[in-house]
Each structure stands twice: as structure tokens, then as C-alpha cells.
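If you want the building blocks of each chain, they are given just below.
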Amino acid sequence: MNKYVLIYLFTTIYFVTGCSEPKIQSYDDSVHVIDVDIEDWSTIGELPAVYLPHVSREVSDPRFISVSGDYLVISDHTDSGMLKVFSITHQYQHIGSYGIAGPGPQEFGLLPFLTRDEPKGEPLLSMIDFSNKVYYKVDIEDIIEDERFVPIRSIHLPVELVHSQRVITMNEGELVGLGGGNDGKLVKYDMAADSISEHTEFVPAIAHDILNKGYLYTGEMTVNNESGLIAVVSLYFRQLEIYDKNLNLIIVSRLDDTPELEIESRDGRYRLLDEARFNYGAIDSYGDKIFVLYINRTIGEIENGSCIENPSEIHIYNWEGRFLSRVKLTDCPTTMAYDHIHNRIIGVFGDTENEEQIIGTYDLIP
């Protein structure tokens, strides 16, 4: 697998115009701000990946990954089926490959983003196809039974959600989209009323007041439907945000010493420098815990394939925004999902040339 995949997953180098003085981050009194110094936290081991060769051989170009129910689902850029399903309870045995590329109904124009739809153990996933502008909700067991990609719901996205980076169901009658061309906004779509009922600005300030800044906010989110909460992280900011069901920001848990984005200006246009650091690159949740992949590498280090000096970490929070633990890895997965059955992280290694080391796991200490 080529290492360019990692860049595809994490960033768009976005040229934009506009200029002003750097912003100062502030919050009103309704937001509970938690400052975390991760150096105060001892690491849980320095975990090497345990690779899964039999899973790795089934995928050729994996981009996104999710766990739901008893299943691992990998979004794979291949003609043999764009959704690869594996059984977690049977040592990640490959069950089948589903979904084909194309512009038609129940076909994928682009490789779908995957999000665990309800972090309670049901085999449900949300996914979006940017090219066909469609949101799908799927029951993995239905796909396995029918031996083809059959969603339980498909919705043509309204214009406000078309370029969202993630879309997920909330309270059944609502979709919540994150980021993309919405300049970092969270947007809630009321399906019954066919209207945008709520929206909020994504909070972290960037170094300059840049116009059309959308994809600088490369974000991820996870939802706790039991409590009606949404947790959001962004690639360029070292903080976790928690929103209520009305998209009000209620908690910010931020790491100390967060660097500003490294941006340079050329003829009034901005671009991210190689020194721009990737921070939180993936998020998942199950029960009362939130799991976040901390990339901790610059664009230049990723392009050069460097991982030894700054391996990734897993940061674990609860839904009150409290930092629980820090798990230091010995290598650098490009994205991850949490396996709640075995209490482990499953990682995708997008910059490896070894076809048996594309998928690996990290066992967490209970």
C-alpha cells in the first residue's frame, strides 16, 4: 500500500484567501473547560501492534474502519467489494465483501466513510458516499443475510450536509453532519420536517481569520444516543469537544501547549506548512468511554514515512470530558476503531508495503 493513502485520509492542503490578526481562544461561562497536561499521565505500556495477516490479505487499500455489534467493517478501495465484513467473535474471520462502485442506487461513487451508528453493541453503521451525495444506514446482519449491500435507510443529503466529513443518526429522526465545506460547523437535519433545525460553529480558533477555511477543520465525531451527547475532535487541534443534543458546546477538554496551525502566506493566499502537526485523527466510543487516536506527527514527517520518533497514542476520555488514560504505541496507525468485545484497538496501517501488516490490534489493560 502506498503511503499517500495516509495523506488522503487525513488532510486536504487547502489554499484560501484572507488575513487578520491571530485569534485568542475563549469560551463563555456555559462551557466547562478542562486543561490536561498529558505529561502528568504515566503511559499504559508502549504497545506494539499484533498484526492480523489473514485480515490484511483480504484488503488491498483500506481507508476507513468501524466496529459494530460482533463485526469489523473495513471500507476498502477495491473492485472485489468496497465493504469487507469480518467476525470479531471468530478471530476476525472474513465473512464477505459487499458493495460495488458506480453511480446507481446502492452503489458507491466514492469509498464510503464509516461511523459506528449506536455505540451499544447493535450491528448498525452510518456511512456517506460523497460522490452520489447519499447517506446510508445499514444493519450488517442484513447485508450478510442478503449477500449484497442493502441499506435499511438511504437519504439524499440536503445541500447543508453534502460536503460533511461525517454524518450520523441521532434520535432516529435526525442526522448530524460535521465539518467539510460547512467551515467546521455541526449541522442537524430534521428528516421529518425536511429542514435544518440547528447548527453551531466548530469552536477551535485558527491562527488567522481565513476565508473558506472548511477543510482545515478535518474532524471526526461519535455519538452517545443514551445521553444525547456528541464528541468531536479535529486533526489540527488538541482538544475534545462535547456537545448536547441541541448542538450546544458544553465541555472542552484540551491538552496544554497546543500549537497554532503552521500556515504561510503567498500573494495573499495561505497553505499549511510541512511543520503543521496532525493531532486527533480518529475517534470511537463505547459505553462510557471515548477513544481518540493521537497522531502527533507533522505533514512532513508523514510524507517522509517517519514514525519512530513520534509514534501515535490512544487517549481515553469519559463522556464528562475527563482524561482517563494515555496509551503509547510503538507505531503509527492511520485510523482506528474500538473492539468492545476484546477491549482492544484495531488499527489500519496505510503507509506499509507489507501486505500482511495492513491491519493490527492493540490490547488495552482493563
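Given the structure is predicted, the values throughout are model-derived calculations rather than measurements. (Residues numbered from 1 in each chain as written. Predicted model: local features only at pLDDT ≥ 70, side-chain atom pairs only at ≥ 80, totals over all residues. Heavy atoms only, no water.)

A. Structural detail: the overall build of the protein. Along its length, the protein carries 4 helices and 29 strands. Relative to its 366 residues, the protein shows a buried fraction of 58%. For the protein, the proportion of contacts with a sequence separation of at least 24, taken over those separated by at least 6, is 55%. Element-wise, carbon and sulfur atoms account for 45% of the exposed surface of the protein, whose accessible area totals about 15100 Å². (Helix = DSSP H or I, 4+ residues; strand = E, 2+ residues; numbered from the N terminus. Buried < 20%, exposed > 50% of the residue type's maximum accessible area, 1.4 Å probe, protein only. Contact = heavy atoms within 4.5 Å. Areas by Shrake-Rupley, 256 points an atom, 1.4 Å probe, with all protein chains shown as cover.)

B. How the structure looks around the sheet that holds strand β12 (residues 153-156). The strand order across the open sheet formed by 4 strands is β9-β10-β11-β12, and the pairing between neighbours is antiparallel. Single-partner strands in this sheet number two, and they are β9 (113-116) and β12. Shown here is a sheet whose adjacent strand axes are inclined to one another by a mean of 20°, direction ignored. (Pairing = 2+ DSSP bridges. Axes fitted to C-alpha atoms, helices over the stretch in contact; angles between N-to-C directions.)

C. Looking closely at the environment of Leu 255. Here Leu 255 shows up in strand β20 (residues 249-255). Taking C-alpha positions, Leu 255 is 9.6 Å from Phe 323, a pair spaced 68 residues apart along the chain. Sequence-distant contacts of Leu 255, defined by excluding residues within four places in its chain, comprise Val 36, Ile 38, Arg 238, Tyr 280, His 315, Tyr 317 and Phe 323.

D. Region of the structure containing the pairing of strand β16 (residues 195-200). Bridging between strand β15 (residues 186-190) and β16 involves 5 bridges; their strand directions are antiparallel. Bridge pairing in β16 links Tyr 189 to Ile 196. In this antiparallel pair of consecutive strands, β15 and β16, the connection spans 4 residues, and Asp 194 shows a positive phi of 50°.

E. Region of the structure containing the side chain of Asp 139. With respect to the secondary-structure elements, Asp 139 resides in strand β11 (residues 134-139). For the buried Asp 139, which has no salt bridge, the nearest side chain bearing the opposite charge is Lys 137, at an N-O separation of 9.0 Å. Ignoring anything within four residues of it in the chain, the contact list for Asp 139 reads Pro 123, Leu 124 and Ile 152. (Lys, Arg positive; Asp, Glu negative; His and termini not counted. Salt bridge = Lys/Arg side-chain N within 4 Å of Asp/Glu carboxyl O.)

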